[in-house]
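Residue strings, one per chain:
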Amino acid sequence: MLDRRSVVSALFLGFAGIFSILSGTVLAQEAPPIRIGFSIAKTGLFASATPAQLNAYHFWRDQVNEKGGLDIGGVKRKIEFVEYDDQSNAASAVKIYEKLITNDKVDLLLSPWGTVSHFAIVPVLERFGFPVIGSTASSVHVRELNVKNMWFVSPSTHDKLSIQLAQMAKEQKVSRAAVIGSVLPQSKEIRNFLVPALEAAGIKIAVNEEYPPDIKDMTALLSRIKAANPDGIFVLSYPADSFLYTRQAKEIGINTPFQWLAIGPTIPAYRKMFGSSVNGIISMGHWSPAQSHWPRAKPFYDAYVARFKEEPDYLDTVLAYMSCEILEEAVAEAGLDKAKLREVINNKTFDTINGPVKFKGVENMTTPVGFLQIQNEQFHIVWPAEISTAPIQPKLNW
Amino acid sequence: MTKATPFLLGLLCFGLLPLTGQDYLIGVSFTLLTWIALTQSWTLLSGFAGYISLGHVVFFGLGGYFVVLTWGILPYWISLPLACLVTFVFAIAISIPVLRVSGPYFVILTFGLAEFVKYVVMAVESHLGQFGRLLLGVPSLATLYWLALFLATLATLITFVIRRSRLGQGLIAIRENEQAAEAIGVPVTRYKTIAYGLSATIPGAIGGLIALRTSYFEPQQIFDPVVSFTVLTSAIIGGSDDVRGPILGAAFLTLLSELLWARAPQLYLILLGILLIVFVVILPNGICGLLRRRAAQA
Amino acid sequence: MTSFFEILTSGQLLLAALITGTIYATVGLGLNLVYGTMRLLNVAHGEFLMLGAYVAFWGFSLFNVSPFLSAVVAGVLTAALAAALYFGMLRWCLRNPRMRKRIEPNSLLIFVGVSIILQNISALSFTGTPRGYQYLSGVMTLGSISISANRLGAFVFCIAICIATLIFLRRSATGLAIKALIQHKEAAEIVGVNVTRLEFFALCAGFATAGIVGALVSMTEQTTPFMGFPFTIAAFIVIIMGGLGNLAGGIVTGLLLGFIETYGVAFTSAAWSSILLYGVFVLALIVRPEGIFTVRQVVR
């Protein structure tokens, strides 16, 4: 009999049937998403520096997904991120990467932020044989350790960096240098190479001091620098120190024509905060959208600015994006097989927004060590000559 | 034998776990075992004698540092026992001035001491040009796990034995009233020193194990005061008069931590703080005390 | 590198030491008030300072309020928090005979819990990212000494607090009653001092000082959820070495600590500041748990 209950049941069954047929066909057509995991310092000491990298990752994911997904040896799959906050804590990063591999069972991994975190997760990657392209890191130590599962995109390995920096300083007629830096790893490593390099270039070291990583007041230190009257200052800084140094050097009036800050000036907020007073500051970096040798550079820059309404970080965003581009190319050729991935990464020459990249061992041998300078509130590559977009200028008074 | 049965059963289960090959689960159990070992050793002085320490991490850190420094030079099965010796000697060496202080001052002294050692190690590392150290080629998870199981069992046994020994009775007398204990002939200083030294021993090896497990060493991590805080809270929640207490407390905290550490680490610590307050105020004898009261009423 | 002599005679360093010392003295003052009257070992003192710092930071960033004004707000808020703690939990603990017997160690553990809770609630709400802002950061120079205006302002404010407190304790009726309470609780009760009310007042005042100093300190230091620890340690050094409940002794000790730290760092390096702080702390506890300035035994 056609009573209400049987009608409702029939309708229900009908809908269920149609729905399952439809979803069956839909699901059957779409390949499952590919899960890429990473941790990054969303909070903590380094949090002000990491958005540059996070933006690059998200930007890459969205761009790739718009084109249909990541090409895995012929099949396109949409990217899904599994992100964690390691709170600027390397030991947390270690735990998280292990969790990503053994518990979340992700397909691929991206790197965290900063040299220390990259360093810290290396044993985990080696233990599980999981290749990861490094980004915002460089360290001579890992070269010595001969690891098989991480590669460093940044060319600025500190020994090469220091030699180039000393050369540039010498060409700028620096004769008395002040070298100050944090006690954090990257700073210490740079110092270990920079001081001898400067001395070898005939530059006298007038001030050579360290400060704790959470330093809040540099006035005493800067007074000593001012008293020593150097013509070149090298601040081996992390982002927070760069901001602190700039503010206080301006206050005390340290008017030295050559001032180099390791990490910080490439963050967009830096130029926003200090405006034209930081024209002439030099920092690490080897990318500019103005470099016409690299066809991918300008389109990336334009698309990034259109989306985020501000410039990319010329160091971190670029390095992070490059690591994604390399992963993309490698996976297209090798699929997800870890051994094949390692082989491709070791042998192929990749095309990125910063030009070609080829690895020898863990190092990027093709991109040169470079330096950027703020001129008219814009960044220009001022070293080396082969890729420079403008000549270097002395810094005027604050 | 019936009292020991749950322990033996538990031991069996733990021992068989690595055979399942479930890496993540083994990792969690490993963590649990290390907390058990740390809390049991903490109980020796702080639970029995009432000298509550908020700086237990100093032994853990020193042991870990020793293992890290000798990595590549000594095999782990030598460096781990040696780490125990190092921490034991360290504890005995500082016991003379440190144990003079009592009550709440002891609590903050132990905290200050741990922080002091942390900053010294940081300065030493900085001077050596080291920031974090990598440990490549560490023993497998299963090996580390069984070592942790061994140490946790050993720590539990030591606590069990001491509790029933003269030393244990003396320590408890000290907790109730130190002057009275001295008056009736308890060798107060000697007992305290032995307890302090013993409490430092196993944490040394545990520190080494954790360093090997993380395969990455950083002074701030291995001397993290949150470790001390967790041990103390673990003991207070579990109740520290009985070997079951630290096990229960550690189990409870590990479970809580597993739910929260990846996504909401601050929430985990907030809960810990709340639990500490609640237990100090309302349930000073911990879960164990609660269980004992229930058993007594039954 | 600067010479030994240059360090000793540096006016810059002298001023820095004075400022740091005054800040430590003021922080210790608050802790002394709480401990002296109620025997509560507030290891969360630094966290109340941290809360004050955040009040000032958000006050300035969101509403453009001067940190000096925020300091007052911070003081009120931390006092309110103290009151909440008192009515919510502490009063019950103080009345409960079992808890009262072991009030010192118990209060310590409770405040450890409070400390962790406050740190992590802040971390959760504000994230652990260090915060800073520019207020009155123009540098003023007098001869060879330069100092930023905000540091000078904090310095003056702290001096004012210390002096005001000392005068209050010596001259006003309430102040004298508090002094009596600190010296001998039972005797004070006998002569008619309203112990409960004064204890409550001292508690709120003590915590309020922490909040106020926090607001001042936020102008020159980075504000993070974990900034409180070193201040707690400094406060404890002050009360232990200066004599528990001895407010004037505490101020002198605070200044001394400031000098030790500033000159110690100047002779070694910035990385040593924590080693010095905790080293002095450990020594103070081991060597003179009764305090350097205690003349009379404080009767409990």
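Residues numbered from 1 in each chain as written. Chains lettered and ligands numbered in written order. Predicted model: local features only at pLDDT ≥ 70, side-chain atom pairs only at ≥ 80, totals over all residues. Heavy atoms only, no water.

1. Regarding the interface of chain C and chain B
Each side of the interface is counted separately: chain C has 37 residues, and chain B has 33 residues. With both chains or domains summed, chain C and chain B bury close to 3200 Å², and 83% of this area falls on carbon and sulfur atoms. Counting the contacts that link chain C with chain B gives zero salt bridges. Counting across the chain C and chain B interface gives three residue pairs in polar contact (both at pLDDT 80 or more). Elements that contribute at least two residues to the side of chain C that touches chain B include exactly α4 (67–95), α5 (97–101), α6 (103–126), α11 (228–242) and α13 (273–287) of chain C. (Contact = heavy atoms within 4.5 Å. Buried area = accessible area lost by both parts, 1.4 Å probe. Salt bridge = Lys/Arg side-chain N within 4 Å of Asp/Glu carboxyl O. Polar contact = N/O pair within 3.5 Å; in protein donor to acceptor, adjacent residues only side chain to side chain. Helix = DSSP H or I, 4+ residues; strand = E, 2+ residues; numbered from the N terminus.)

2. Concerning the environment of Gly63 of chain B
All names here are of chain B. Among the secondary structure elements, Gly63 is positioned in helix α3 (residues 57–69). Remark: the alpha-carbon pair of Gly63 and Asn285, spanning 222 residues in sequence, is separated by 30 Å. Residues contacting Gly63, with those up to four places away along its chain left out, are Ala83, Thr87, Gly204, Gly207 and Gly208.

3. Quick word on the sheet that holds strand β5 (residues 108–109) of chain A
Residues and elements named next belong to chain A. Spatially, three strands are ordered β4-β1-β5 in an open sheet, and the strand pairing comes out parallel. Each edge of the open sheet is held by one strand with a lone partner, namely β4 (79–85) and β5. Inspection of the sheet shows strand β1 (residues 34–40) paired to β5 by two bridges, in the parallel sense. If you follow Ile36 over to β5, its bridge partner there is Leu108. The strands touched by helix α2 (residues 51–66) are β1 and β4; relative to β4, the strand with the most contacts, the crossing angle is about 165 degrees. (Pairing = 2+ DSSP bridges. Axes fitted to C-alpha atoms, helices over the stretch in contact; angles between N-to-C directions.)

4. Structural notes on the confidence of the model for chain B
Chain-level pLDDT for chain B is 89 on average; 99% of the residues reach the 70-or-more range. When pLDDT is averaged over each helix and strand of chain B, the minimum, 80, is found for helix α14 (residues 286–297) of chain B and the maximum, 95, for α3 of chain B. (pLDDT = per-residue confidence, 0-100.)

5. Observations regarding the pattern of salt bridges
Residue and element names in this part refer to chain A. With the rule as written, the count across this model stands at 23 salt bridges over all chains. Its salt-bridge partner being Lys188, residue Glu210 comes within 2.6 Å of it at the nearest N-O pair. Taken together, the residues span a long stretch of sequence, with Glu210 in strand β9 (residues 204–211) and Lys188 in helix α7 (residues 185–200) at a distance of 22 residues. Taking the relative accessible area as the measure of exposure, Glu210 reaches 27% and is therefore partly exposed. Judged by relative accessible area, which is 7%, Lys188 ranks as buried. Glu209 is the partner of Arg224 in a salt bridge, and the nearest nitrogen-oxygen pair spans 2.8 Å. (Buried < 20%, exposed > 50% of the residue type's maximum accessible area, 1.4 Å probe, protein only.)

6. Remarks on helix α2 (residues 23–47) of chain B
For α2 of chain B, which comprises 25 residues, the first-to-last C-alpha distance of 34 Å matches the rise-based estimate of 36 Å (1.5 Å per residue) to within 8%. Burial within α2 of chain B is extensive, with 20 of its 25 residues counted as buried. (Expected span 1.5 Å × (residues − 1).)

7. Notes on the pairing of strand β11 (residues 258–261) of chain A
Each regular strand displays side chains that alternate between the two surfaces of the sheet. All names here are of chain A. A two-sided burial pattern is seen for β11, the buried positions comprising Phe258 and Trp260 on one face and Gln259 and Leu261 on the other. Of the pairings in the sheet, the one linking strand β10 (residues 232–236) to β11 comprises four bridges and is parallel in character. Across the sheet, residue Gly232 finds its bridge partner in β11, namely Phe258. For the crossover that starts at β10, traverses helix α9 (residues 239–252) and ends in the parallel β11, the hand is right-handed. (Right-handed = clockwise from strand over helix to strand, strands pointing away.)

8. So, the side chain of Gln266 of chain B
Structurally, Gln266 of chain B is set in helix α13 (residues 265–281). Each residue touching Gln266 of chain B, except ones within four places of it in the same chain, is listed here: Gln87 of chain A together with Asn120, Ala123 and Leu124 of chain C.

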